[in-house]
Structures are given as structure tokens and as C-alpha cells.
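A closer look at the structure
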Amino acid sequence: MNILVINCGSSSLKFQLIDAQTEQLAAKGLCERIGIEGSRIVYTPAGGVKEIKEAPMANHTDAIRYVLEALTNEKTGVVKSLDEIGAVGHRLVHGGEKFAGSTVITDEVIQAIEECNDLAPLHNPANLIGISACKELMPNTPMAGIFDTAFHQTMPKKAYLYGIPYEYYEKYRIRRYGFHGTSHSYVSKRAAEVLGRNYEDLKIIVCHLGNGASVSAVMNGKCVDTSMGMTPLEGLIMGTRSGDIDPAIIEFIAHKENKTIDEVMAILNKKSGVLGLSDNLSSDFRDLEDAYPQGNVRAVEAMDCFAYRVAKYIGAYAAAMNGVDVICFTAGVGENSSFTRELICNNYLGYLGVKLDDEANQKRGEDITISTPDSKTTVMVIPTNEELAIARETYRLTRQ
Ligand code: ADP
């Protein structure tokens, strides 16, 4: 059964078609600039050539129409008709406290997601538009929703409550939710599988280091803490997000620079992180890594701040779990940057008995242990695959 995996943003839509039985990718692509001039679709059938086509898309329904056309195209398509798409899996950002797992999408579920819109005003409405566009074009195809927040719903109250008046939790559900849950879940399970160990017996710290970045603590198969909070702004220093700061800084900048709260929040989300720290050199870690050996002070400081923050979270979560067996690196930076892994492991993790295997640490693109056999804590690189995890969940929920 083919599963269409959709990740819908406000002006973009990423998709993959995955055969659920063989877990092979059939095709993937991206619609960009939806609702903006210059919209286009990028489409790549597995083993085929990447096509980029200008395509007017006034809205997400238009975008999905192009996706379905590309998938069924006579020459470059990968299925003969839409009947060969058995189900659609939607990546959904915020399920609040309502969803501790994935779900088949029904009208009640759509309503429940709408009720979480306050918590993710940028993401959830875009996700819902993707759902209604699919409903319109493929009314008889079952759909499932896989939430970024669901895996973290096992956190205990002491990990998810903030030190603010309790009534705000009761009234508005202000609490830590965490994100990248599909990735943290996939990577921690995969690590146990690769090591041939029982998932329920391990203490695992997953470092999902991409443009957006988060760390999570997974103990005995359950998430017990994670660094992102009510929104993805908390925690690590990221590509353009500040991560943890003293909340009083918001008011301070607003007064000094004569800015509104919304303007300051935009700075913390879009102009901070390693981009801001490097004085706008780049939010892309590859650029910072290139500038680092040249002694570019801003790049060196940005990378050092980033690595230090990751190491502090690893320390915090080792404390939270009273130990750690496995540390996993994943996502764009975590999977590809041996340099960043070195900065973190060699500078800060000696007390956990971490010893990196320098040769293994240079490898890429595979599940691999990068610590030496006598390392007290095992360190691994596990490439994440959120789309495959979504396809698996969708298949599990929708197969008859
Ligand atoms: P997101 O999904 O949050 O956009 P990704 O997980 O795709 O992020 O990661 C993107 C980031 O990965 C890029 O910003 C880039 O800095 C980083 N990256 C990719 N390849 C490398 C590499 N070889 N070395 C260092 N960083 C890399």
C-alpha cells in the first residue's frame, strides 16, 4: 500500500510517496511559494531525474492537485491512478494535551486540532489547510495525523510545568509540550534496535540538531524530558532561534529599541541563534564550520555557544535519568557534522566516560556507533526519517 506523506507549512508543502510494505520511497518533492508569485513544484521519482516546474498555486488545494498530477503523470509518475494511494499521513505540529499518539483523522479530530491553534498559531492552521485540501481531492482516501508533540506526552508533571502561577496551566494549558517527537521516537527506537538491546531497558539522550534543534531524554522507552517548550523557541541555540533566554530580556529590548512584543518575538525566532550570534554571517552550520578554522571570531563563538548548550542539556538529562547509556545524534547537523559532534563530545562529555572513535565519527549516512568499544557511554549517529515513521504509523492506523 502506498502512503502519501504530507508536511504542510504556511507557504510550502513537502511530500513523499512511500510503499508501506517494502518501506521504499517511490517519489518525493516540494511545492514552494504557495499563494505567492513564482510558485513551483519540485518533483523527484525514486531513481529518476529531479524536475522543477513553475506552477501557479493560489492555495494548498492547487498545490496538492499538482502533487497528484506529478505522481500519476504518464511519463514520470510512479502510480497509474489515485486508487494506488492507500492513505495519506499528515505531519501535524501541535496536538496539545489531546493527542498522546497518532490518530485517524475524523471531523472530531479536525475540531480538536483547531482547538490547539492558539498553541501553534503559525503551524496548526497550515496543517489543517493541508488536511482539507486532501479531503477535497481524495475524499475516499483515509488520512492519519502524526503529531510532533505526541511522543513527549509521557513527560511527568515535574518536567512539563513551568514555575509560573498554576492557574495559567489550568486556564491556558501553558506547559512544556516539546516538538520533533516523531524524530526522537524513531531515533531512540532505532538506536536500541541497532545495538540489539531492549528499548525498555535503556536511558537514551537524543540530540536532534538541525536548523531547528532539540534534545530529549528517553528512559525505559518513554520520553521523560525535552528541551523545546510550549513552542519550539525554548532550549538549544538554533539556526535562527535564540533558545533559552532570561524572559526579562524581551521587555528590555522592547524598551531600548522601541519595539513591540511581536517584533521582539520575530527577532528571537528569525534573527537570533547562530545567525544572530555570528553577526548575520549565516544560520547554516556549514558556513560557520568553514569560517571556524579561519579564526572568524563570530563563527567560533557561535559554534562554541551552540555546542556548549547541547552539552549542558546532555548533562541535565543524564541527571534527570540518573545516568545515560546511549547518546544519539541526528538531523542535518547531528548526522553530517563530525566537527560539531567532536566539539560536544571531546570538550564536555569526558565525565560520562565518552570516548569518540575518530574514524567512525567521519562516516556519514548510516546508523553507526561513533564511540570506542571501551567508551562508558555509547555515542551513535542515527539518520532520522520522520517521513518513514509517519508512513509506518499511517499504515498501522489505516490498513483494513
Ligand atoms: P530543519 O529540518 O530544521 O530545516 P535539517 O535537519 O534539514 O533542519 O538540518 C539543516 C541544517 O543542517 C542546515 O542548516 C545545515 O546547517 C546543516 N547541515 C547539513 N549538512 C551539513 C554538514 N555537512 N555539515 C554541517 N552542517 C550541515
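Refer to the preceding data block for the structure.
In what follows, the accompanying structure is described. (Residues numbered from 1 in each chain as written. Predicted model: local features only at pLDDT ≥ 70, side-chain atom pairs only at ≥ 80, totals over all residues. Heavy atoms only, no water.)

Here we look at the sheet that holds strand 4 (residues 40–45)
Short version of the rule: Pairing between strands requires that DSSP locate at least two bridges from one strand to the other. By definition, any uninterrupted DSSP run of H or I lasting at least four residues is a helix, any uninterrupted run of E lasting at least two residues is a strand, and each is numbered from the N terminus. Whether two residues are in contact is decided by their heavy atoms: any pair within 4.5 Å suffices. What counts as an axis is a line fitted to C-alpha atoms, over the stretch in contact for a helix, and the angles between N-to-C directions run from 0 to 180 degrees.
The eight strands are arranged 5-4-3-2-1-6-8-7 in an open sheet whose pairing can be described as mixed. One side of each edge strand has no neighbouring strand; the edge strands of this open sheet are strand 5 (51–54) and strand 7 (103–104). With two bridges connecting them, strand 7 and strand 8 (residues 143–147) associate as antiparallel partners. Following the sheet pairing, Thr103 is matched in strand 8 by Gly145. Docked against the sheet, helix 14 (residues 386–398) engages strand 1 (2–8), strand 2 (13–19), strand 6 (85–92), strand 7 and strand 8, running at close to 125° with respect to strand 6.

Comments concerning the sheet that holds strand 11 (residues 222–226)
Reading across the sheet, the six strands line up as 11-10-9-12-14-13 and stay open at both edges, with mixed pairing between neighbours. The open sheet is flanked by strand 11 and strand 13 (368–369), the only strands paired with a single partner. As judged from the seven bridges shared by strand 9 (residues 203–209) and strand 10 (residues 213–219), these two strands associate in the antiparallel manner. Its bridge partner lying in strand 10, His208 is registered against Ser214. With respect to the sheet, helix 11 (residues 297–320) is in contact with strand 9, strand 10, strand 11 and strand 12 (326–330), its orientation differing from that of strand 9 by roughly 160°.

Points about helix 2 (residues 107–114)
The line we're drawing: To sort residues, take the accessible area from a 1.4 Å probe on protein chains only and compare it with the maximum for the residue type: under 20% means buried, over 50% means exposed, and anything in between is partly exposed. Relevant arc is that of directions from the helix axis to the C-beta atoms, nothing else.
Among the residues making up helix 2, those that are buried are Val109, Ile110, Ala112 and Ile113. For helix 2, the angular spread of buried residues about the axis comes to 160°, placing them on one side. Facing away from the buried surface of helix 2 by more than 90 degrees, the exposed residues are Asp107 and Glu108. On the buried face of helix 2, the contacting elements are strand 6, strand 7, helix 3 (123–137) and strand 8.

With respect to the packing of helix 2 against helix 3
Selection criterion: Here the angle decides the label: under 35 degrees means roughly parallel, over 145 means roughly antiparallel, 65 to 115 means roughly perpendicular, and every other value means oblique. The handedness criterion is simple: a crossing whose near helix is rotated anticlockwise from the far helix by less than a right angle is left-handed, and one whose near helix is rotated clockwise is right-handed. Residue classes follow a fixed rule: Ala, Val, Leu, Ile, Met, Phe, Trp, Tyr, Cys and Pro count as nonpolar, while Asp, Glu, Lys and Arg count as charged, and any other residue, Gly among them, counts as polar.
As a packed pair, helix 2 and helix 3 sit with axes 10 Å apart at the nearest point and diverge in direction by 160°. For the element pair helix 2 / helix 3, the angle class is roughly antiparallel. As for the relative orientation of helix 2 and helix 3, their crossing is left-handed in sense. On helix 3, the residues touching Asp107, Ile110, Ile113 and Glu114 of helix 2 are Asn124, Leu128, Ile131 and Lys135. Residue composition of the contact of helix 2 with helix 3, by class: four nonpolar, one polar and three charged.

Observations concerning the site of the ligand
The condition that has to hold: Any residue with a heavy atom positioned within 4 Å of a molecule or strand is treated as near that molecule or strand. Under this definition, polar contacts are N or O atom pairs within 3.5 Å; protein pairs additionally need one hydrogen-donor-capable and one acceptor-capable atom, and for neighbouring residues in sequence, both atoms have to be side-chain atoms. Note on areas: these come from Shrake-Rupley sampling with a 1.4 Å probe, and a residue is covered only by the protein chains present in the view.
Taken together, 13 residues lie near the ligand, and Asn211, Gly212, Asp284, Phe285 and Gly332 sit nearest. Note that an oxygen atom of the ligand is positioned 2.6 Å from one of the backbone N or O atoms of Phe285. In this structure, an oxygen atom belonging to the ligand sits 3.5 Å away from a main-chain N or O atom of Val333. For the ligand, the protein covers 70% of the area, taking 580 Å² as the surface of the free molecule. Elements that contribute at least two residues to the shell around the ligand include exactly helix 10 (285–291) and helix 12 (331–336). For the shell around the ligand, the element with the most residues is helix 12, which contributes four residues. Residues that form the shell around the ligand fall into these classes: three nonpolar, six polar and four charged.

Structural notes on the nonpolar core
Cut-off, in case you're wondering: In these notes, a set of buried Ala, Val, Leu, Ile, Met, Phe, Trp, Tyr and Cys residues joined through side-chain atoms within 4.5 Å is what counts as a nonpolar core.
Within the largest apolar cluster, 46 residues are counted, with the highest numbers of intra-cluster contacts made by Ile205, Cys207, Leu209, Ile314, Ile327 and Ile344. Secondary structure elements with two or more residues in this core: strand 9, strand 10, helix 10, helix 11, strand 12, helix 13 (338–348) and strand 14 (378–381). Among the elements that take part in this core, helix 11 stands out by supplying eleven residues, more than any other. The residues contacting Ile344, other than those within four sequence positions of it, are Leu209, Ala307, Val310, Ala311, Ile314, Phe329 and Leu349. Core analysis: the second largest hydrophobic core is formed by 39 residues, Ile6, Leu13, Ile34 and Ala63 among them.

A closer look at a nonpolar patch on the surface
Put simply, the rule is: A patch is a set of surface residues, each over 30% in relative accessible area and not in a salt bridge, joined within 9 Å for like charges and within 5 Å for the nonpolar side chains Val, Leu, Ile, Met, Phe, Trp and Tyr. Salt bridge, as used here, is a side-chain nitrogen of Lys or Arg placed within 4 Å of a carboxyl oxygen of Asp or Glu.
A cluster of nonpolar residues, Ile164, Tyr168 and Tyr172, forms a patch on the protein surface that exposes about 290 Å² of accessible area. Its place among the elements puts Tyr172 in helix 5 (residues 166–172). Assessed through its relative accessible area of 48%, Tyr172 is described here as partly exposed.

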